[in-house]
Amino acid sequence: WDAFAALCGHLRAGLLGGAPPDPAADIDWKLLVEASSYHYVTPALAWCLRERSDLPPEVREYLDAALSLNARRNEFLIEALARIAAALNAIDIEPVLLKGAARLVDGAYPAAKLRFLGDLDVLIPAERAQEAAAVLKRMGFDAIESAGWNAAHHHLPMLRERDWQPAIDGLHDT
């Protein structure tokens, strides 16, 4: 619990401008990093602690690497979103970005590299779903067979790009 509370305190201070947890408090860095990983906020924690001078060197290296790698990954995701939107626009479909994909480009975070996401969620009209999937398949996206059609969640099978693997967690239809 202490690690989770410290994680929340550091994120609140770094992202919302509050007071950070007491710097004199005994921090179990291993548990703090583990909690950030469990909750998929390690890049954000790294950014929030970037100016802290008392980080152990191995923690600093780990957090710097996590932030740097996530920044590169998000650059690829933003490029993929641009290609996806352009391809869908070319067939007169205006996609709506959902969840993490929307947050990646809307300026909600001080920097896009803070947001960790596992896939891209895109909303399209239901009657155009098969056409949109066909366009993305021609671009190099393949359906992940195990994902299958999920009528309960209203989306097509997950698509993954062959070259470097960004995934579209289904084209959600309206």
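Residues numbered from 1 in each chain as written. Predicted model: local features only at pLDDT ≥ 70, side-chain atom pairs only at ≥ 80, totals over all residues. Heavy atoms only, no water.

Let us now look at the pairing of strand β2 (residues 120–124). In terms of residue burial, β2 counts as a mostly covered element, since four of its five residues are buried. The sheet contact formed by strand β1 (residues 96–98) and β2 spans three bridges and is antiparallel. Looking at the pairing, V96 lines up with L123 of β2. (Buried < 20%, exposed > 50% of the residue type's maximum accessible area, 1.4 Å probe, protein only. Helix = DSSP H or I, 4+ residues; strand = E, 2+ residues; numbered from the N terminus. Pairing = 2+ DSSP bridges.)

Ranked by internal contacts, the top residues of the largest apolar core, which has 21 residues, are L7, L11, L32, L45, L49 and L63. Elements that contribute at least two residues to this core include exactly α1 (2–16), α2 (29–38), α3 (42–48) and α4 (57–90). Take this core: its biggest share by element is five residues, from α3. Non-local contacts of L45, meaning those with residues more than four positions away in its chain, are made with L7, H10, L11, L32, S36 and L63. Judged by nonpolar contacts, the second largest core, of 17 residues, contains A80, L81, L104 and L159. (Core = buried A, V, L, I, M, F, W, Y, C linked by side-chain atoms within 4.5 Å. Contact = heavy atoms within 4.5 Å.)

Its identity as a non-glycine residue notwithstanding, Y40 has a phi of 60°, on the positive side. Relative to the helices and strands, Y40 is located in the loop between α2 and α3. What makes Y40 exposed here is its relative accessible area of 56%. Here D92, not a glycine, exhibits a phi torsion of approximately 65°, which is positive. Topologically, D92 is positioned in the loop between α4 and β1.

Moving on, we come to the packing of aromatic side chains. Taken as a whole and assessed by the stated rule, the structure comprises two aromatic pairs. Considering the side-chain rings of Y40 and F116, the 5.7 Å spacing of their centres and the 5° angle between planes classify their relative orientation as stacked. In this pair, Y40 sits in the loop between α2 and α3 while F116 sits in the loop between α5 (99–105) and β2, placing the two residues 76 residues apart along the sequence. Given a relative accessible area of 31%, F116 falls into the partly exposed group. Positioned above the aromatic ring of W47 is the side chain of R50, whose terminal nitrogen or guanidinium carbon lies 3.7 Å from the ring centre. (Phe/Tyr/Trp six-rings, centres within 6.5 Å; stacked < 30°, edge-to-face > 60°. Lys NZ or Arg CZ within 6 Å of the ring centre and 35° of its normal.)

Within this structure, the stated rule accounts for four salt bridges. Residue R103 is joined to D106 by a salt bridge in which the shortest nitrogen-to-oxygen separation is 2.1 Å. Overall, the relative accessible area of 38% leaves R103 in the partly exposed class. Note that R128 and E131 form a salt bridge whose closest N and O atoms lie 2.7 Å from each other. (Salt bridge = Lys/Arg side-chain N within 4 Å of Asp/Glu carboxyl O.)

Our focus in this paragraph is the packing of α4 against helix α6 (residues 129–139). Two numbers describe how α4 lies on α6: the axes approach to 10 Å, and their chain directions differ by 125°. The orientation of α4 with respect to α6, classified from their angle, is oblique. In terms of crossing hand, the pair formed by α4 and α6 is right-handed. Where α4 abuts α6, its residues R83, I84, A87 and L88 lie against A132, V135, L136 and M139. Class assignment for the residues of the contact of α4 with α6 results in seven nonpolar, no polar and one charged. (Axes fitted to C-alpha atoms, helices over the stretch in contact; angles between N-to-C directions. Parallel < 35°, antiparallel > 145°, perpendicular 65-115°, else oblique. Left-handed = near helix turned anticlockwise from the far one by under 90°. Nonpolar A, V, L, I, M, F, W, Y, C, P; charged D, E, K, R; others polar.)

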